[in-house]
Amino acid sequence: MTASDRSEQTRTEGVLAGLDTSAMTGFYWYLALLACIGGFLFGYDTAVIGSVLGFVPYHLSSLATGYLVAGASLGAAVGALAAGPLTDRFGRKSLLMADATIYGVGAILSAVTINAGMLLGARTLIGLAVGADSAIATAYIAEFAPAKRRGQLGIIQQWMITVGILVSYLIALVIFHLAPGAAKGADWRIILGLGAVPAVLAVALRARMPESPRWLLHQGRYADTTKALGKLGVDVSEEDARRTAEKLEAQEAKEAKQHRRIWSPGVKRALMVVCMFFVFQQITGINVPFYYGPKLLGDVFKTPGSSALDASMAGLQAAAILGAVNVIATFFAFRYIDRAGRRPLAIGGFAGMAVFMVVASVGVAFLTGAPKIAVVMVGFSLFITSFAIGVGGTGWLIQGEVFPTSVRGTAASIGASVDWLANFAVIVAFPALTAAMGLPWVMVLLAGLAVVAVAFVTRFLPETKHLTVEQVVAMFEEESGSSGRTPSVQPS
Ligand code: BGC
């Protein structure tokens, strides 16, 4: 489409049509990357604690140790919930800036901590930032992305999460290798503190990002909308913006009148789908190989008579291999999310997770020595690959794209909060379940849950590829009115 076609379309269909069909420039990628720096820190900060846990020199009760590991997830659930209403009121950009600042402060406080209490406080702060940022990153992206590339831009969040996890292992490996004598001294502080570097960068760069044009339009800030759209290469007049806003408002008022509330049946259905998807994303056990894989696989890497540091390094190497598989496999999600669509990737992803978790459980239950290591490693790697292609990014993407602008922040934040609560529940329940049933049966249980997830996605997740976010919202509204009826809004 030429520039003049686009401006004609803008006049007749509104300014959002210009945005939905705009050509992707480097600036769009840059902006998505900026929105996802928080995703990198999400991965880095949640994974890093496992690497340093053995070297924090404070005396910690088992409750405090548990909190040190799981507290970030709990903090994230709270941070996510708090972020929603704030971002709907103050904007996406302000929230993304505030998150980056909290990330930075949390990392610096972790590095200079003088006692256990301060460390636990700093981890709580980081948790709040992780939660708040994860609540809003893909929603910000969904609000500017051209419809046909929204999937790819949203998957960058998952990609950054996986890169953050991998980098946390690599940094720990390098630092422990360079200064093995300082493992309980400066090393763990440096490893935790390095999280401040991307955070400071994010504060500096996010300060210059445009506010979300859809949010500005919704706020009636037409001059600012025009400016934000201009930065995205869509030239519109204030009058165009006003006309579009009036059209959208009339549409929303009609829908609200029809349902007598903003939280219409369609919004509630979308929220149910996102929350359930997130519950399945977590309770099917993605974090099990990351938390327990290194312990199971560490033996193959360590030499006889090795020290605690050697054992930890061996575990880190195994974790780094799984982390690298995760990063590489996420490329396929990036490549196919807008071609194949969300549904096939999610169905295939959960199905693959079920199969390969069973493979790994067979290795754990029946094999020993090298064959055990090989089967568990292959099983876990393919399990992670399935998750990375169809489940991880898909969850964060749909969380950003299925809600109307008026409640997108709040609804997306409820979804994120549910993800973090489920994450916390798995961390707490897993050791108890393993003690009660044995690891292989727990793994079979996780595989069973992945089968249930396949059924859930097949029944409830509509295809949203190529639709504008307004069409996605209309589709959920239609589906909620008559479940089972084929919606008239179809992906192109
Ligand atoms: C999940 C995290 C998980 C990560 C692994 C994310 O989508 O929310 O819990 O650790 O993927 O790549």
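The structure contained in this document is the topic of the report that follows. Values in this document were obtained by computation on a predicted structure and should not be read as measured data.

**Focus: a nonpolar patch on the surface**
Where nonpolar side chains cluster on the molecular surface, the patch consists of L433, M437, W441, V444 and L445 and spans about 440 Å² of accessible area. Elements supplying a minimum of two residues to the nonpolar patch: α20 (408-437) and α21 (439-460). It is α21 that provides the largest number of residues to the nonpolar patch, a total of three residues. With respect to the helices, strands and loops of the structure, V444 is situated in helix α21. Taking relative accessible area as the criterion, V444 reaches 32% and is therefore assigned partly exposed.

**Here we look at the nonpolar core**
Counting 137 residues, the largest nonpolar core has F176, F350 and F403 as its most contacted members. In contact with F176, not counting residues within four places along its chain, are S51, F55, A183, D187, I191, L309, M313 and L316.

**Concerning the packing of aromatic side chains**
According to the stated counting rule, one finds 17 aromatic pairs in the structure shown. Ring pairs connect the aromatic residues W29, W159, F331, F332 and F334, which therefore count as one cluster. Geometry around F460 places R459 over its ring, the cationic atom sitting 4.6 Å from the centre.

**Remarks on the pattern of salt bridges**
A pair can form between side chains of opposite charge whenever their charged atoms are brought close. Counted under the stated rule, the structure contains 14 salt bridges. With a closest N to O distance of 3.6 Å, E239 and R242 form a salt bridge. Pair noted here: E239 and R242 are both in helix α13 (residues 238-259), with a separation of three residues, about one helical turn. Residues R243 and D240 are paired through a salt bridge, measuring 3.7 Å at the closest nitrogen-oxygen approach. Taken together, the residues R243 and D240, both in helix α13 and three residues apart, mark about one turn of the helix. On the basis of relative accessibility, which here comes to 38%, the residue R243 falls in the partly exposed class. Several salt bridges share partner residues, and in doing so they unite D88, R92, E143 and R408 into one network.

What counts and how
Residues numbered from 1 in each chain as written. Predicted model: local features only at pLDDT ≥ 70, side-chain atom pairs only at ≥ 80, totals over all residues. Heavy atoms only, no water. Patch = residues over 30% accessible without salt bridge, like charges linked within 9 Å, V, L, I, M, F, W, Y side chains within 5 Å. Areas by Shrake-Rupley, 256 points an atom, 1.4 Å probe, with all protein chains shown as cover. Salt bridge = Lys/Arg side-chain N within 4 Å of Asp/Glu carboxyl O. Helix = DSSP H or I, 4+ residues; strand = E, 2+ residues; numbered from the N terminus. Buried < 20%, exposed > 50% of the residue type's maximum accessible area, 1.4 Å probe, protein only. Core = buried A, V, L, I, M, F, W, Y, C linked by side-chain atoms within 4.5 Å. Contact = heavy atoms within 4.5 Å. Phe/Tyr/Trp six-rings, centres within 6.5 Å; stacked < 30°, edge-to-face > 60°. Lys NZ or Arg CZ within 6 Å of the ring centre and 35° of its normal.

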